[in-house]
Amino acid sequence: MTEYTPKPEHKFTFGLWTVGNIGRDPFGGPVREQKTPAELVRLLGEVGAYGVNFHDNDLIPIDATAAEAEAIKKDFRKALADTGVVVPMATTNLFSDPIFKDGAFTSNDPKVRAYALQKTMNAIDLGVEFGAKTYVFWGGREGTETDSSKSAVESIKRSREAMNFLCEYVLDKKYDLKLALEAKPNEPRGDIYNSTTGHMLAFIETLDHPEMVGVNPEVAHEHMSGLNFMHGVAQAWEAGKLFHIDLNDQYPGRYDQDLRFGSRDIKAAFYLVKFLEDVKYNGPRHFDAHAYRTEDYEGVKDFARGCIRTYLILKEKAAQFNADKEVQAVLAEINADDGSMKQYFGKYSAEKASALKAQAFDRAALGRRGLRYERLDQVTIDILLGSR
Ligand code: GLT
Ligand code: MN
Ligand code: MN
């Protein structure tokens, strides 16, 4: 029986805000006491996590004095050294403070936009100080409730200007840092700009330094819109833009649930893990989720261990799927190729086009062919349910 023990090479990470979530929701206050960043690092060490990520204000409260900031950093650094937990990613909180109620980089107020840039530069410095190699941008407040309030075109232009400025800042400081944009369709705003990973991929190509910027897709955020998450991840991967990933789970059409990874849609989680493992994605596997509000800190550890365990089980299932003789046979049959069409593919030429136009096809026979996907899917289900 496999142990499902996390190893450093799996790169399982958690944000301070995930295991540090105190269970506040719109209808009720905290149910768990606040732990310090250092305490949370120790908790992560206990469950076998490789890394910890943070927003500037998860680590240093927004109004902390310089002396308080130094004391917190010292404790945090010690906890990292004691546990061996590393900091692969950092990000900025551009959504909690009232100043950001109408957005940060897309605010109509130039003072708010300038403050957002200042706060982000400081937060980048803080992340780099702790070794972060990826910097995430989640524009939770970059949107509207009423489109009478802001220009959607101007907002995209403002977002571009901010990203261009911050790329130059990273270059100017000679930081070894990649930027990763995280999309979400709504919540906390009624609607958020650049609402899916696909929107982000298109936006990135319009930047001055597209090579520095990729995406950080999150399961829940794409599932909220009813999208196939793995397809978005695959598109990002194929474009060389999968810089980071946020793993959790989510029922479509609901508020952002941030459920334990794989706890809702096992099949979608399976295809995702299989994809990441098949292509040998070697970035962090960041669990951006939190424990149910019913839990104490023992339950938070159950939650964190559960995310890791489910990933490793699914990784094992993916290897089983790939090695399955019947799966291989069906896939070979589906992908059979006698080479006769090769002449028509690839680069266009006028000769190819006229030869292809003259080619006869047995359309009825091709349309009659059964593809055995029912069987293939049932084998997948059997593997997932452990009966194979
Ligand atoms: C927030 C959000 C996440 C983002 C985090 C990074 S913060 O919890 O719901 O999806 O990844 O800003
Ligand atoms: Mn996220
Ligand atoms: Mn989320």
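Summarised in this report is the structure supplied together with it. Treat the numbers as computed from the prediction; the structure is a model and nothing was measured. Every residue gets a number counted from 1 within its own chain, in the order that chain's sequence is written. For this description, chains carry letters from A and ligands carry numbers from 1, given in the order in which they are written. Whole-chain, interface and lining totals are the exception, using all residues; otherwise, since this is a predicted model, local features are given only for residues with pLDDT of at least 70 and side-chain atom pairs are given and counted only at 80 or more. Side-chain numbers come from the whole structure's heavy atoms, not from hydrogens or water.

## What to know about the site of ligand 1
Inclusion rule: Near, as used in this document, describes a residue that has one of its heavy atoms within 4 Å of the molecule or strand being considered. Counting of polar contacts relies on pairs of N or O atoms within 3.5 Å, with two restrictions inside protein: one atom must be capable of donating a hydrogen and the other of accepting it, and residues adjacent in sequence are counted only when both atoms are side-chain atoms. Where accessible areas are quoted, they stem from the Shrake-Rupley method and a 1.4 Å probe; at the residue level, only the protein chains shown are allowed to cover. Put simply, Ala, Val, Leu, Ile, Met, Phe, Trp, Tyr, Cys and Pro go in the nonpolar bin, Asp, Glu, Lys and Arg in the charged bin, and everything else, Gly too, in the polar bin.
Taken together, Trp17, His55, Thr91, Phe95, Trp138, Glu182, Glu218, His221, Asp246, Asp256 and Asp288 are the residues near ligand 1. Between ligand 1 and Asp288 there is a distance of 2.8 Å, counted from an oxygen atom to a side-chain nitrogen or oxygen. Here ligand 1 has 310 Å² of accessible area as a free molecule, and 91% of this is covered by the chains. In terms of residue class, the shell around ligand 1 is built from three nonpolar, three polar and five charged.

## What about the coordination of the manganese ion (ligand 2)?
To keep things clear, this is the line we draw: Ligating atoms shown are N, O and S within 2.8 Å of the metal, or 3.2 Å for Na, K and Ca, and water is not included, meaning a site may look less than complete. Key to geometry: four donors with every angle between 85 and 135 degrees are tetrahedral; four donors are square planar and six octahedral where opposite donors lie over 155 degrees apart and all remaining angles lie between 65 and 115; all other sites are irregular. To qualify as a helix, a DSSP run of H or I must reach at least 4 residues; to qualify as a strand, a run of E must reach at least 2; elements of each kind are numbered from the N terminus. Exposure categories follow from relative accessible area, calculated using a 1.4 Å probe and restricted to protein chains: below 20% of the type maximum is buried, above 50% is exposed, and the middle band is partly exposed.
Within the first shell, the manganese ion (ligand 2) binds the protein through Glu182 (OE), Glu218 (OE), Asp246 (OD) and Asp288 (OD), at distances of 1.9 to 2.1 Å. Coordination at the manganese ion (ligand 2) is octahedral, judged from the six donor atoms that bind it and the angles of 75 to 168 degrees they form at the metal. Sequence spacing among the residues donating to the manganese ion (ligand 2) works out to E-x35-E-x27-D-x41-D. Between the manganese ion (ligand 2) and the manganese ion (ligand 3) the interatomic distance amounts to 4.4 Å, and Glu218 serves as a bridging ligand to the pair. Taken together, the positions of Asp246 in strand E9 (residues 246-247) and Asp288 in the loop between strand E10 (285-287) and helix H11 (297-323) put the pair 42 residues apart, joining distant regions of the chain. The exposure classification of Asp246 matches that of Asp288, with both residues buried.

## A look at the packing of helix H10 (residues 266-278) against helix H15 (residues 373-385)
Think of two packed helices as two axes; the pair is described by the angle between the axes and how far apart they sit. Spelled out, the test is: Throughout, an axis means a line fitted to C-alpha atoms (over the contacting stretch in the case of helices), and angles, computed between N-to-C directions, take values from 0 to 180 degrees. Just so you know how the angles are binned, under 35 degrees is roughly parallel, over 145 roughly antiparallel, 65 to 115 roughly perpendicular, and the rest oblique. A contact between two residues is defined here by any heavy atoms of the two lying within 4.5 Å.
The geometry of H10 relative to H15 is characterised by a closest axis approach of 11 Å and an angle of 95 degrees between their N-to-C directions. With respect to each other, H10 and H15 are oriented roughly perpendicular. Note on element contacts: H15 touches H10 through Asp377, Thr380, Ile381 and Leu384, opposite Ile266, Lys267, Phe270 and Tyr271. For the contact of H10 with H15, a count of residues per class yields five nonpolar, one polar and two charged.

## A short note on the coordination of the manganese ion (ligand 3)
Distances from the manganese ion (ligand 3) to its protein donors, namely Glu218 (OE), His221 (NE2), Asp256 (OD) and Asp258 (OD), fall within the range 2.1 to 2.7 Å. Each donor residue of the manganese ion (ligand 3) lies on the same chain, and together they follow the pattern E-x2-H-x34-D-x1-D.

## A word on the pairing of strand E4 (residues 134-138)
Residues in a regular strand project their side chains so that they alternate between the two faces of the sheet. Note the following rule: Strands are labelled as partners when DSSP assigns at least two bridges between them. Crossovers are marked right-handed if the path from the first strand over the helix to the second runs clockwise, as seen with the strands pointing away from the viewer.
Across the five residues of E4, five count as buried, placing the element largely inside the fold. Across the two faces of E4 the burial is the same, with Thr134, Val136 and Trp138 and Tyr135 and Phe137 all buried. Inspection of the sheet shows strand E3 (residues 89-91) paired to E4 by three bridges, in the parallel sense. Looking across to E4, one finds that Met89 is bridged to Thr134. The parallel pair E3 and E4, bridged by helix H5 (residues 110-129), forms a crossover whose chirality is right-handed. The pairing of E4 with strand E6 (residues 178-182) spans five bridges and is parallel. Of the residues in E6, the one forming a bridge with Trp138 is Glu182.

## What about empty space enclosed by the protein?
With a probe scaled to a water molecule rolled over the atoms, the places where space remains empty come into view. Test applied: Space inside and on the surface of the protein is sampled on a 1 Å grid over the protein atoms alone, with a cavity defined as a set of points where a 1.4 Å probe fits but cannot get out and a pocket as an open set with protein on both sides within 12 Å along at least 5 of 7 lines; lining residues have an atom within 4 Å of a point. Grid points are joined across faces, edges and corners, and a volume is the space filled by probe spheres set on the points.
Inspection of the entire model under this criterion finds two cavities of 30 Å³ or more. In this structure, the largest cavity spans a volume of roughly 250 Å³. For the lining of the largest cavity, the secondary structure elements donating two or more residues are E4, helix H6 (152-172), E6 and helix H7 (197-204). It is E4 that provides the largest number of residues to the lining of the largest cavity, a total of three residues. Taken together, the residues that form the lining of the largest cavity break down as 12 nonpolar, five polar and three charged.

## Details of the environment of Phe243
As for its position among the elements, Phe243 is in the loop between helix H9 (229-238) and E9. On the basis of relative accessible area, Phe243 is assigned to the buried category, the value being 9%. Along the primary structure Phe243 and Lys178 are separated by 65 residues, whereas in three dimensions their C-alpha atoms are 7.6 Å apart. Dropping the residues within four chain positions of it, Phe243 is found in contact with Thr134, Lys178, Leu179, Ala180, Glu211, Met212, Val213, Gly214, Val215 and Tyr281.

## Some thoughts on the packing of aromatic side chains
Filter applied, for reference: Paired rings are identified among Phe, Tyr and Trp, the last through its six-membered ring, by centres lying within 6.5 Å, and are further divided according to the angle between planes into stacked (under 30 degrees), edge-to-face (over 60) and tilted (the rest). Criterion for a charge above a ring: Arg CZ or Lys NZ at most 6 Å from the ring centre, at most 35 degrees from the ring normal.
Tallied over the full model, the rule gives 16 aromatic pairs. Ring geometry for Phe270 versus Phe321: centroids 5.9 Å apart, planes at 65 degrees, classification edge-to-face. Residue Phe270 is found in helix H10, and its partner Phe321 is found in helix H11; the two are separated by 51 residues along the sequence. Judged by its relative accessible area of 7%, Phe321 is buried. Three or more aromatic residues joined by ring pairs make a cluster, and in this case those are Phe12, Phe14, Phe261, Phe287, Phe303 and Tyr311. Geometry around Tyr297 places Lys35 over its ring, the cationic atom sitting 4.4 Å from the centre. A cation over an aromatic ring shows up here: Lys178 above the ring of Phe243, its NZ or CZ 4.6 Å from the ring centre.

## A few points about the side chain of Asn93
Mapped onto the secondary structure, Asn93 falls in the loop between E3 and H5. When its relative accessible area of 9% is taken as the criterion, Asn93 is described as buried. Ignoring any residue separated from it by four or fewer positions in sequence, one finds Asn93 in contact with His55, Asp56, Asn57, Phe100 and Lys119.

## Regarding the nonpolar core
How we decide: What is meant by a nonpolar core is a set of buried Ala, Val, Leu, Ile, Met, Phe, Trp, Tyr and Cys residues, joined one to another through side-chain atoms within 4.5 Å.
Formed by 93 residues in total, the largest nonpolar core has its most connected members in Phe14, Phe76 and Phe261. With 11 residues, H11 is the largest single contributor of residues to this core. With sequence-adjacent residues up to four places away left out, Phe261 is seen in contact with Leu247, Asn248, Ala269, Leu272, Val273, Phe287, Cys307, Thr310, Tyr311 and Leu314.

## A short note on the pattern of salt bridges
What counts, and what does not: Only one rule defines a salt bridge in this text: a Lys or Arg side-chain nitrogen within 4 Å of an Asp or Glu carboxyl oxygen.
Counting across every chain of the model gives 24 salt bridges. Note that Lys119 is salt-bridged to Asp56, the shortest N-O span being 2.8 Å. Of this pair, Lys119 sits in helix H5 while Asp56 sits in helix H3 (residues 56-59), and the two are 63 residues apart along the sequence. With a closest N to O distance of 3.5 Å, Glu277 and Lys315 form a salt bridge.

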